[in-house]
Amino acid sequence: EDIDIVEGKEPNSIDSLVNIFKIYWRSSLLDPDKDYDSLLIEDLNLFFSHRYDTKNESFNLDSCITNFVTSVGYYSGGFGKVGRLRDLLVWKTQKDSTYTFSIKDEVISVPVVFLEDFVTKGWGNYATINKSIGGWATDDALYCVKESYDIESVWFTVHYLAHEGKHFSDYKIFPKLSGFDLEFRAKLSELSLARETVYPLIKRFIGSANYDDRDNQHPLANYFVIKGLSKKIFDSEFVTDMTLWETIDVDIINNAAYALLKENTIALHNEGPEVENFIKKQSR
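Residues numbered from 1 in each chain as written. Predicted model: local features only at pLDDT ≥ 70, side-chain atom pairs only at ≥ 80, totals over all residues. Heavy atoms only, no water.

(A) Structural context of the packing of helix H6 (residues 179–193) against helix H10 (residues 250–271). It is the contact of H6 with H10, at a shortest axis distance of 7 Å, that shows an interaxial angle of 150°. Here H10 runs roughly antiparallel to H6, going by the angle between their axes. Between H6 and H10 the crossing geometry is left-handed. When H6 is examined against H10, the residues Phe 184, Arg 185, Leu 188, Ser 189, Leu 191, Ser 192 and Leu 193 are found in contact with a partner set consisting of Ile 253, Asn 254, Ala 257, Tyr 258, Leu 260, Leu 261, Asn 264, Thr 265 and Leu 268. Across the contact of H6 with H10, the residue classes tally to ten nonpolar, five polar and one charged. (Axes fitted to C-alpha atoms, helices over the stretch in contact; angles between N-to-C directions. Helix = DSSP H or I, 4+ residues; strand = E, 2+ residues; numbered from the N terminus. Parallel < 35°, antiparallel > 145°, perpendicular 65-115°, else oblique. Left-handed = near helix turned anticlockwise from the far one by under 90°. Contact = heavy atoms within 4.5 Å. Nonpolar A, V, L, I, M, F, W, Y, C, P; charged D, E, K, R; others polar.)

Here it is in structure tokens:
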């Protein structure tokens, strides 16, 4: 729902802050050729000018947003960019847990923070009229939108936990690694473990694979996942025919995906812990 004026709300309320972002998201989505980031920052500086010295050179919007949201009793994901837009996620309740899982012989233990009672789930949720988001990873923990998952299902254990857990692990081992490489490795982690969802997953990766899209992480990662698996399983460059994929036993796909993941891990270690880009440098 679009909210341009939050009537009856205290000007420094959480609703007023969210309203600033909704106006920015709507403007950006309706006019994608224009950059509204500078206007957003102006509006945020005005919003916070009653609380903080926004003209001080040490003023930082990210810290400011986090501190403000905390001060009024909520939690926030900060002021980062998701895709092309600045984002804001705000929730009321969270609960910490720890999960340990295995990707073949690799054991990963991750803290998982379950999030509930959202004020806003960010611009992706806003743009899709409340389509739920799943969560994200940082180098400290995984953050999971609790209502999005049955935690006993494969959608949580494989498509969320293994995917985001690989990000969590990689952030620590390869702290500068690009989003392209992180997604490539996380998708291989999913395919290493997926059973009943393995063929739909491959179909989705094929459908959105794009070597020429050098700006978006997922299409390029999907391309190299399918390219690598095609070479290992079919000794072919890029197999798109799902009837062929569905003739391959799930165990073979799982093992091929894990073999690719291990080979990539070795290649990254050979590049060194400061490695930033690997798959983007690979030829078609």
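(B) Focus on helix H2 (residues 37–48). Here H2 spans 16 Å end to end across twelve residues, near enough to the 16 Å set by a 1.5 Å rise per residue. Residues of H2 that are buried sit in contact with helix H1 (14–30), helix H3 (61–71), strand S2 (81–82) and strand S3 (85–86). (Expected span 1.5 Å × (residues − 1).)

(C) The arrangement of the nonpolar core in detail. Ranked by size, the top nonpolar core spans 54 residues in total, and within it Val 110, Leu 142, Leu 161, Leu 191, Ile 202, Leu 229 and Trp 245 carry the most contacts. Element by element, the count of residues in this core is highest for H10, at nine residues. Judged by nonpolar contacts, the second largest core, of 24 residues, contains Phe 47, Leu 61, Phe 79 and Leu 88. (Core = buried A, V, L, I, M, F, W, Y, C linked by side-chain atoms within 4.5 Å. Buried < 20%, exposed > 50% of the residue type's maximum accessible area, 1.4 Å probe, protein only.)

(D) Region of the structure containing H1. For H1, which comprises 17 residues, the first-to-last C-alpha distance of 24 Å matches the rise-based estimate of 24 Å (1.5 Å per residue) to within 8%. Buried residues along H1 sit against H2, H3, S3, strand S4 (89–103), strand S5 (106–121) and helix H4 (123–127).

(E) Fine view of the packing of helix H7 (residues 198–207) against H10. The geometry of H7 relative to H10 is characterised by a closest axis approach of 11 Å and an angle of 55° between their N-to-C directions. In terms of axis orientation, H7 runs oblique to H10. Where H7 approaches H10, its residues Val 198, Tyr 199 and Ile 202 are matched on the opposing element by Val 250, Ile 253 and Asn 254. A per-class count over the contact of H7 with H10 returns five nonpolar, one polar and no charged.

(F) Molecular detail of the pairing of S5. The pairing of S4 with S5 spans 14 bridges and is classified as antiparallel. Looking at S5, one finds that Ser 102 is bridged to Val 107. Adjacent in sequence and paired antiparallel, S4 and S5 are bridged by two residues, among which Lys 104 carries a positive phi angle near 60°. Pairing analysis gives four bridges linking S5 to strand S7 (residues 142–145), with the strands arranged parallel. The residue bridging Phe 114 from the neighbouring strand is Cys 144, located in S7. (Pairing = 2+ DSSP bridges.)

(G) Layout of the sheet that holds strand S1 (residues 75–76). Within the open sheet, the five strands sit side by side as S1-S4-S5-S7-S6. Their pairing is mixed. Both outer strands of the open sheet, S1 and strand S6 (135–137), are each paired with one neighbouring strand and no more. Sheet strands touched by helix H5 (residues 154–173): S4, S5, S6 and S7. Its angle to S5, the strand with the most contacts, is close to 110°.

(H) Molecular detail of the environment of Met 242. On the secondary structure map, Met 242 appears in helix H9 (residues 242–245). Accessibility expressed as a relative area gives 15% for Met 242, which makes it buried. Each C-alpha atom of the pair Met 242 and Asp 212 lies 22 Å from the other, and the pair is 30 residues apart in sequence. If sequence neighbours within four positions are ignored, Met 242 has contacts with Tyr 199, Ile 202, Lys 203 and Ile 206.

(I) A look at the packing of aromatic side chains. Scanning the entire structure with this criterion turns up 21 aromatic pairs. Aromatic side chains Phe 47 and Phe 68 sit 5.4 Å apart centroid to centroid with 90° between the ring planes, which places their arrangement in the edge-to-face category. Of this pair, Phe 47 sits in helix H2 while Phe 68 sits in helix H3, and the two are 21 residues apart along the sequence. Accessibility assignment for this pair places Phe 47 and Phe 68 in one class, buried. Ring pairs connect the aromatic residues Tyr 75, Trp 91, Phe 118, Trp 136 and Tyr 143, which therefore count as one cluster. Sitting over the face of the ring of Tyr 211, Arg 214 holds its NZ or CZ atom 4.7 Å from the ring centroid. (Phe/Tyr/Trp six-rings, centres within 6.5 Å; stacked < 30°, edge-to-face > 60°. Lys NZ or Arg CZ within 6 Å of the ring centre and 35° of its normal.)

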